Amino acid sequence: MKHVDIVVVGAGVAGSIFAANTDKELQVVVIDKKDHSNVNKGFKKPCGGLLSVDAQRSLARLNLTLPLYVLANPQIFAVETIDEHYKFSRLYQRSYINIHRHRFDHWLASLIPNHVDVIDNAFVQRIDQQHDDYVVTYAKNKITHRIACTSIVGADGASSIVRRYISTKPIHQYLAIQEHVFKKMQKEQYTCYFNKHLTTSYGWSSYKDDSFIYGIALPLKNAHESFNQFKDMVIKYHPFDAQTHLKEACLVNCPTSLHQLELGKNNILLIGEAAGWISPSSLEGISYAIDSALIASYCVNQDGVQHKKYRSKSMHLKVKIFLKILKAHVLYNPYLRQLIMRSKIQTITLFKK
């Protein structure tokens with residue numbers, strides 16, 4: 001059985017950034033379910049595909065620039081916010097970058113250096129401890145393989161098998177459901193939807209090239225029925241009769257307290273959404289994935305898996321999560337939200353000829 005220093009489970013944003021910044025002296029293997037040979041194939045994570053200012057700042061710190069094929073058309077400068085309960089909307093300026101999330105993930109994975117072994121189209125089935133090492137069992141092309149390692153880095157998102165292996169600590173979750181239709185709308189814009197009868201989170205719609213995309217983060221119970229109600233609401237504001245050409249769904253973590261964060265145990269580290277690093281107010285996770293991966297790679301390169309150092313270096317992320325929890329309490333309180341929206345603070349008034 002092959003033995004390496006580190007097995008990274010997942011090559012999304014967090015896993016790719018971690019693997020790209022580990023020392024050459026370390027033997028690192030990345031196991032991921034995407035097909036890295038073809039940007040148009042393999043697992044695709046449902047995502048609104050908007051790079052926030054925080055995510056842009058995290059990329060800037062790495063001195064990275066986005067390749068053109070990652071960008072989606074059009075680039076929009078405002079978000080329409082609709083409160084379905086109080087029946088009014090406001091327009092807010094936002095500096096998002098519209099991207100194709102799947103292409104973004106593939107681009108980041110392409111930055112992983114050649115000394116790191118990437119095993120794609122593979123699914124981790126189980127993790128076992130064998131003396132002082134771990135044995136990771138994964139399936140590729142319907143064949144089961146096993147690899148031994150000294151340490152594991154869990155970068156496998158909300159349904160993390162690595163997190164389940166080391167912890168029973170619960171974390172609040174939603175089911176994000178998203179549909180794509182081929183439709184050119186007269187008015188292209190980002191829209192944010194609040195409907196307290198459907199979710200304590202929010203819904204969204206946007207445009208990417210020739211597709212209109214709409215999705216929502218829903219409580220797990222009766223999620224698909226609630227999505228149909230959300231779709232009716234979207235059609236009310238943005239009428240269309242086109243057929244859906246793609247429907248996606250995935251779990252989304254949303255920590256409601258700092259106790260729900262799980263950074264690791266023994267020789268295992270968790271980064272990105274697997275650890276709970278995701279904004280409770282906006283569900284933005286790209287900036288947290290990049291930052292937590294960089295912190296973890298720095299700690300591993302310096303001293304191996306040192307949880308004390310990882311926790312210390314990531315304290316500012318905890319503070320940020322705490323502030324986002326407070327923001328979520330305000331944003332998702334219908335009464336407080338409507339007061340803020342009615343105040344018209346930071347809203348945009350459209351120019352009329």
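Residues numbered from 1 in each chain as written. Predicted model: local features only at pLDDT ≥ 70, side-chain atom pairs only at ≥ 80, totals over all residues. Heavy atoms only, no water.

**Student:** Can you explain the pairing of strand 9 (residues 133-140)? Please cite residues and give values.
**Tutor:** The element strand 9 is largely enclosed, with a buried count of 6 among its 8 residues. Both strand 8 (residues 122-130) and strand 9 contribute to a ladder of 8 bridges, which runs antiparallel. Paired with Ala122 across the bridge in strand 9 is Lys140. Counting the residues that bridge the hairpin from strand 8 to strand 9 gives 2 residues, and of these His131 lies at a positive phi of roughly 60 degrees. Inspection of the sheet shows strand 9 paired to strand 10 (residues 143-154) by 7 bridges, in the antiparallel sense. Residue pairing in the sheet places Val135 in a bridge with Ala148 of strand 10. (Buried < 20%, exposed > 50% of the residue type's maximum accessible area, 1.4 Å probe, protein only. Helix = DSSP H or I, 4+ residues; strand = E, 2+ residues; numbered from the N terminus. Pairing = 2+ DSSP bridges.)

**Student:** Now, about helix 8 (residues 315-331): what can you tell me, with residues and values included?
**Tutor:** Over its 17 residues, helix 8 extends 24 Å from the first C-alpha to the last, a length consistent with the 24 Å expected when each residue adds 1.5 Å. Of the positions making up helix 8, those classed as buried are Leu317, Ile321, Lys324, Ile325 and Ala328. In a view along the axis of helix 8, the buried residues occupy a sector of 110 degrees, so they form one face of it. Those residues of helix 8 that are exposed and angled more than 90 degrees off the buried face are Leu323 and His329. Check the buried side of helix 8 and you find it contacts helix 6 (286-303). (Expected span 1.5 Å × (residues − 1). Arc of directions from axis to C-beta. Contact = heavy atoms within 4.5 Å.)

**Student:** For a nonpolar patch on the surface, give the residues involved together with the corresponding values.
**Tutor:** On the surface, a cluster of nonpolar side chains totalling about 520 Å² of accessible area is made up of Leu258, Met315, Val319, Phe322, Leu323 and Leu326. Relative to the assigned elements, Leu258 resides in the loop between strand 15 (244-253) and strand 16 (264-265). Judged by its relative accessible area of 31%, Leu258 is partly exposed. (Patch = residues over 30% accessible without salt bridge, like charges linked within 9 Å, V, L, I, M, F, W, Y side chains within 5 Å. Areas by Shrake-Rupley, 256 points an atom, 1.4 Å probe, with all protein chains shown as cover. Salt bridge = Lys/Arg side-chain N within 4 Å of Asp/Glu carboxyl O.)

**Student:** Give me the lowdown on the sheet that holds strand 11 (residues 173-182), citing residues and values where you can.
**Tutor:** Strand-to-strand pairing in sheets goes through backbone hydrogen bonds, with the strands running parallel or antiparallel. Strand order in the open sheet formed by 7 strands is 5-4-12-13-14-11-15, with mixed pairing between adjacent strands. Two strands bound the open sheet, and with one partner strand each, they are strand 5 (88-93) and strand 15. Neighbouring strand axes in the sheet, compared pairwise and without regard to direction, differ in orientation by 20 degrees on average. Two strands pair when backbone bridges link them, and strand 12 (residues 190-194) and strand 13 (residues 203-208) are joined in this way by 3 bridges, in the antiparallel orientation. Residue pairing in the sheet places Cys192 in a bridge with Trp204 of strand 13. (Axes fitted to C-alpha atoms, helices over the stretch in contact; angles between N-to-C directions.)

**Student:** Give a detailed account of the packing of helix 1 (residues 13-20) against helix 6, specifying residues and quantitative values.
**Tutor:** With their axes 8 Å apart at the nearest point, helix 1 and helix 6 run at an angle of 30 degrees to one another. Taken together, the axes of helix 1 and helix 6 lie roughly parallel to each other. Regarding helix 1 and helix 6, the two cross each other, and that crossing is right-handed. Here helix 1 contributes Val13, Ala14, Ile17 and Phe18 to the contact with helix 6, which in turn contributes Ile286, Ala289, Ile290, Ala293, Leu294, Ala296, Ser297 and Val300. Residue composition of the contact of helix 1 with helix 6, grouped by class: 11 nonpolar, 1 polar and no charged. (Parallel < 35°, antiparallel > 145°, perpendicular 65-115°, else oblique. Left-handed = near helix turned anticlockwise from the far one by under 90°. Nonpolar A, V, L, I, M, F, W, Y, C, P; charged D, E, K, R; others polar.)

**Student:** Provide a residue-level description of the packing of aromatic side chains, including the pertinent values.
**Tutor:** Within the structure shown, the criterion is met by 13 aromatic pairs. Ring geometry for Tyr207 against Phe212: centres 5.1 Å apart, planes inclined by 40 degrees, an arrangement best described as tilted. Comparing Tyr207 with Phe212 shows no difference in burial state: the two are buried. What links up through ring pairs into an aromatic cluster is the set Tyr193, Tyr207, Phe212, Tyr214, Phe227, Phe230 and Phe240. The ring of Tyr288 has Lys320 lying over it, and the distance from NZ or CZ to the ring centre is 4.6 Å. (Phe/Tyr/Trp six-rings, centres within 6.5 Å; stacked < 30°, edge-to-face > 60°. Lys NZ or Arg CZ within 6 Å of the ring centre and 35° of its normal.)

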